[in-house]
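Per-entry structural report
Below are the chains, spelled out letter by letter.
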Amino acid sequence: MMIDVTGLEFNEINQKLRESDNKVILQGCLGQRFIASGMKDKNIAIDGIPGNALGAYLNGASITVNGNAQDAVGDTMNDGKIIIHGDIGDAAGYAMRGGKIYIKGNAGYRAGIHMKEYQDKVPIMIIGGSAGSFLGEYQAGGVIVVLGLNTNGKLVSNFPCTGMHGGKVYFRGEPPKSVFPKNVCLKLATQEDMKYIEKQIVEYAEIFGYNKDEILNAPFTVATPDSNNPYKQMYVAN
Amino acid sequence: MALLFYPEFEVVRNENRCIACRVCERQCANEVHTIDSESGLMLSDETKCVNCQRCVSLCPTRALKIVKSDCTFRENANWQDDTIKEIYKQAHSGGVLLSSMGNPKPFPVYWDKILINASQVTNPSIDPLREPMETKVFLGKKPSRIERDEKGNIKFKLPPQLELSMPVMFSAMSYGSISYNAHKSLATAAEELGIYYNTGEGGLHEDFYVYGENTIVQVASGRFGVHEGYLKAGAAVEIKMGQGAKPGIGGHLPGTKIVGDVSRTRMIPEGSDAISPAPHHDIYSIEDLRQLVYSLKEATEYKKPIIVKVAAVHNIAAIASGIARSGADIIAIDGFRGGTGAAPTRIRDNVGIPVELALAAVDKRLRDEGIRNNVSLVVGGSIRSASDVVKAVALGADACYVATAALLALGCHLCRTCQTGKCNWGIATQREELVKRLNPEIGKEHLVNLMVAWRHEIKELMGGMGINSVEVLRGNRLMLRGIGLTEKELEILGISHAGE
Ligand code: SF4
Ligand code: SF4
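Residues numbered from 1 in each chain as written. Chains lettered and ligands numbered in written order. Predicted model: local features only at pLDDT ≥ 70, side-chain atom pairs only at ≥ 80, totals over all residues. Heavy atoms only, no water.

Details of the sheet that holds strand β9 (residues 166-172) of chain A
Residue and element names in this part refer to chain A. Spatially, 11 strands are ordered β1-β2-β3-β4-β5-β6-β7-β8-β9-β11-β10 in an open sheet, and the strand pairing comes out mixed. Among the strands making up the open sheet, the edge pair consists of β1 (2-4) and β10 (184-188). Neighbouring strand axes in the sheet, compared pairwise and without regard to direction, differ in orientation by 15 degrees on average. In the sheet, strand β3 (residues 43-49) pairs with strand β4 (residues 59-66) via five bridges, with the strands oriented parallel. (Pairing = 2+ DSSP bridges. Helix = DSSP H or I, 4+ residues; strand = E, 2+ residues; numbered from the N terminus. Axes fitted to C-alpha atoms, helices over the stretch in contact; angles between N-to-C directions.)

This is the structure we're talking about:
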């Protein structure tokens, strides 16, 4: 089912989505926010550029954007899949607790901020290009993978993993040159890590038409919180 | 090791009454009381006593009392006892001072400097026992004018509203900072009273979804336990931007408290720290706030009012004006005397402003700008009695949030050591043997009693003024007079001085 959303307000679009078939194509999207907020069982393709907070609180729906996306994609997402065939704006996947966000291009500032995980719910975000500053800030769980494809080796800007206290960030290729906080340790990915990455990359490569072996044919570095050196404030009871 | 200073409290045991039944020993999680096996006498280590009065209450022979020690440093109006002790504590530990519950410092309490009017001669007072008196209020955006269709019928399409049987709700306290039994007491009492309680930022325990119609679910910067089902479970969603006891800083529930159900409800692994960053990292402007408000409205299909909670700080009127334009339905303002499970002492005692001034300033600003009907105003941060409620309503509030008063009803003795997790009254703890001490049935009964009593008092106070509904009292500042206040304070409160 195709819906032409030219000139429609976001609430009208979401109303139409709620009433539509499970498989929908939105055409003529131009900056409308909050698309598919909290939605469960839809499969939505978007032609054009959706506005901020695409798929916030997403709860199982899958969204494909044939273009770029803006800020706060997948805010507090619980389940589902968001595929971006271009670049993504700031604060992608804020506090996401489940599901997948696959980005072909670059991510803006604060990607994956405060991502978390619980038991078998482990969210994952794969960024094909490079990430902006404050990647994985306050990360509490989940997995971020930065591939640095077609970026001349650039992986991430300043202050990655500030406040990180859980989860993992993988970087492909030469380890990033950015300065990491002393509460985070960087190591070469282990075989177990590589097995995990491979599993994730298979689907990613297929979606964006990459050769998975080419992607995997590079060293990966993994950033995790340093359990020997956690963030802590010394308190005294008063 | 030498004592840093003489203990603050002394345990006084009347040896003639003590029967060495060891109840005090079992009741004190701080391990103050022990028995001397040789002599069979009870001993006490008062260095550990926090004056929570648990042992005093339960001693069957009334043999115990806790008194403030009269062993003090040499008197000094500048370097008072507490100040000196704080220096010692920090010099020995290098730590940031951590406290709990509300600001205990002797700042002015404006509620106590405001007097309420009563009718005499020129308009009759009303007897609430014999005449109808309405305490019901509705919270949410109100239309600013009546619209009619071609036939002249009123078009009746109100934005979502919360209906309260009286202008009081239980404010946010997270599961984790308080116990399961405390949450259960609040939830069941709210249901029986026809008001609301608030989950705080720790998610909603699966057992309490059934009380959803009387629940406000909170979304804070850490987004713990937030998912679509949670948002839809509540009657309203509250975005927590700030808290009166600690404006400008986030929360940190240490991993040691993230166990069992608390971990499941927050949806984070056991033993991992629950960190709520100080800001929402996606909100740097009113425009950004609008985005969170509308994403929540979309996710809940416009069926629930969205509350934005902020701490009372400088420029609160301008901040509230922005929030009122963000699409929020209700603004909650939390004053600097509001309670907390843990806050750095310096922040609790020095940051923020009294809610009375914040409320008066906000209500005036929104009226001046013609946007007062865009939002309802809820105020908290130490509402202690029915008269505080009446004064708040007359200053412009639609309803009040109470937390400390509710905890007192549950048995809290304001020992201000919630941060230790060893609350002997079963409230601010997750230790099973302590949680058990709070019976949720009795807890509910006490909360209901308190609110029922307040409702009677609110009616009596209103009746005295010749006012028969809370709606009429709202913003009726002519019913208030200040006592012992400066011109400036009266100007901000928008009231005259007593005698005028
Ligand atoms: S901490 Fe409480 S229970 Fe323990 S001795 Fe002091 S007053 Fe009694
Ligand atoms: S909740 Fe418990 S620990 Fe906190 S002040 Fe009250 S009695 Fe003390």
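Structural notes on the interface of chain B and chain A
Every contact between the two is made by 44 residues of chain B and, on the other side, 36 residues of chain A. For the pair chain B and chain A, the summed buried surface comes to about 3,500 Å²; carbon and sulfur atoms form 55% of the total. Counting the surface chain B buries against chain A, the share from its top three residues, His-281, Gln-291 and Glu-298 of chain B, is 19%. Taken together, chain B and chain A are joined by five salt bridges. In this structure, Arg-18 of chain A engages Glu-298 of chain B in a salt bridge whose closest nitrogen and oxygen atoms are separated by 3.3 Å. Taken together, the links from chain B to chain A amount to 24 residue pairs in polar contact (both at pLDDT 80 or more). Counting only elements with at least two residues in the side of chain B that touches chain A, the list comes to α3 (81-93), β5 (96-99), α5 (228-233), α6 (260-266) and α7 (286-299) of chain B. Of all the elements, α7 of chain B adds the most residues to the side of chain B that touches chain A, at nine residues. The pairing of strand β12 (residues 235-237) of chain A with β5 of chain B spans three bridges and is classified as parallel. Looking across to β5 of chain B, one finds that Ala-237 of chain A is bridged to Leu-98 of chain B. (Contact = heavy atoms within 4.5 Å. Buried area = accessible area lost by both parts, 1.4 Å probe. Salt bridge = Lys/Arg side-chain N within 4 Å of Asp/Glu carboxyl O. Polar contact = N/O pair within 3.5 Å; in protein donor to acceptor, adjacent residues only side chain to side chain.)

Things to note about empty space enclosed by the protein
Residues and elements named next belong to chain B. One pass over the structure, following the stated rule, counts four cavities of 30 Å³ or more. In this structure, the largest cavity occupies an estimated 130 Å³ of space. Lining the largest cavity are 15 residues, with Lys-240, Ile-249, Gly-250, Pro-277 and Ala-278 positioned closest to its centre. A breakdown of the residues in the lining of the largest cavity according to their chemical character gives five nonpolar, seven polar and three charged. (1 Å grid on protein atoms, 1.4 Å probe; cavity = no way out; pocket = protein on both sides within 12 Å on 5 of 7 lines; lining within 4 Å. Points joined across faces, edges and corners; volume = space filled by probe spheres on them. Nonpolar A, V, L, I, M, F, W, Y, C, P; charged D, E, K, R; others polar.)

Let's talk about a nonpolar patch on the surface
Residue and element names in this part refer to chain B. Together, Leu-4, Trp-79, Ile-87 and Tyr-88 make up an exposed nonpolar region whose accessible area comes to about 360 Å². Considering the arrangement of structural elements, one finds Trp-79 in the loop between β4 (64-68) and α3. With a relative accessible area of 43%, Trp-79 lands in the partly exposed category. (Patch = residues over 30% accessible without salt bridge, like charges linked within 9 Å, V, L, I, M, F, W, Y side chains within 5 Å. Areas by Shrake-Rupley, 256 points an atom, 1.4 Å probe, with all protein chains shown as cover. Buried < 20%, exposed > 50% of the residue type's maximum accessible area, 1.4 Å probe, protein only.)

A few points about the site of ligand 1
Not every one of the 13 residues close to ligand 1 is listed here, only the nearest: Cys-28, Cys-49, Cys-52, Gln-53 and Cys-55 of chain B. Residues that form the shell around ligand 1 fall into these classes: seven nonpolar, five polar and one charged. (Near = heavy atom within 4 Å.)

Digging into the pattern of salt bridges
Pairs can form between side chains of opposite charge once their charged atoms are near each other. Residues and elements named next belong to chain B. All chains considered together, the criterion is met by 44 salt bridges over all chains. In this structure, Glu-192 and Lys-444 form a salt bridge, with 2.9 Å as the shortest nitrogen-oxygen distance. Taken together, the residues span a long stretch of sequence, with Glu-192 in helix α4 (residues 180-193) and Lys-444 in helix α14 (residues 440-464) at a distance of 252 residues. Residue class for Glu-192 comes out partly exposed when judged on its relative accessible area of 49%. For Arg-384, the salt bridge is made with Asp-388, and the minimal N-O distance between the two is 2.9 Å.

Regarding the sheet that holds strand β6 (residues 114-116) of chain B
All names here are of chain B. A sheet is described by the order of its strands in space; here three strands give the open sequence β6-β20-β21, paired in mixed fashion. In this open sheet, the two edge strands, each paired with only one partner strand, are β6 and β21 (496-497). As judged from the three bridges shared by β6 and strand β20 (residues 480-482), these two strands associate in the antiparallel manner. Residue Ile-114 lies in a different strand from β20, and its bridge partner there is Gly-482. Those strands touched by helix α11 (residues 386-394) are β6 and β20, and its axis lies near 95 degrees from that of β6.

Some remarks on the packing of aromatic side chains
For the structure shown, the criterion picks out 15 aromatic pairs over all chains. Ring geometry for Phe-10 of chain A and Tyr-294 of chain B: centres 5.8 Å apart, planes at 65 degrees, overall edge-to-face. Here Phe-10 of chain A, found in helix α1 (residues 10-19), pairs with Tyr-294 of chain B, found in helix α7, and the two come from separate chains. For the pair shown, Phe-10 of chain A and Tyr-294 of chain B are each scored as buried. Pairing Tyr-180 of chain B with Phe-208 of chain B gives two aromatic rings, centres 4.9 Å apart and planes at 35 degrees, and the pair type is tilted. Separated by 28 residues along the polypeptide, Tyr-180 of chain B in helix α4 and Phe-208 of chain B in the loop between β10 (197-198) and β11 (215-219) bring together distant segments of the chain. With a relative accessible area of 1%, Phe-208 of chain B lands in the buried category. Put simply, the rings of Tyr-102, Tyr-204, Phe-208 and Tyr-210 of chain A pair up and form one aromatic cluster. Over the aromatic face of Phe-134 of chain A sits the side chain of Arg-110 of chain A, whose NZ or CZ is 4.4 Å from the ring centroid. One residue, Arg-223 of chain B, lies across the ring of Tyr-94 of chain A, its end atom 4.3 Å from the ring centre. (Phe/Tyr/Trp six-rings, centres within 6.5 Å; stacked < 30°, edge-to-face > 60°. Lys NZ or Arg CZ within 6 Å of the ring centre and 35° of its normal.)

Any link to function would need more than the numbers given here.
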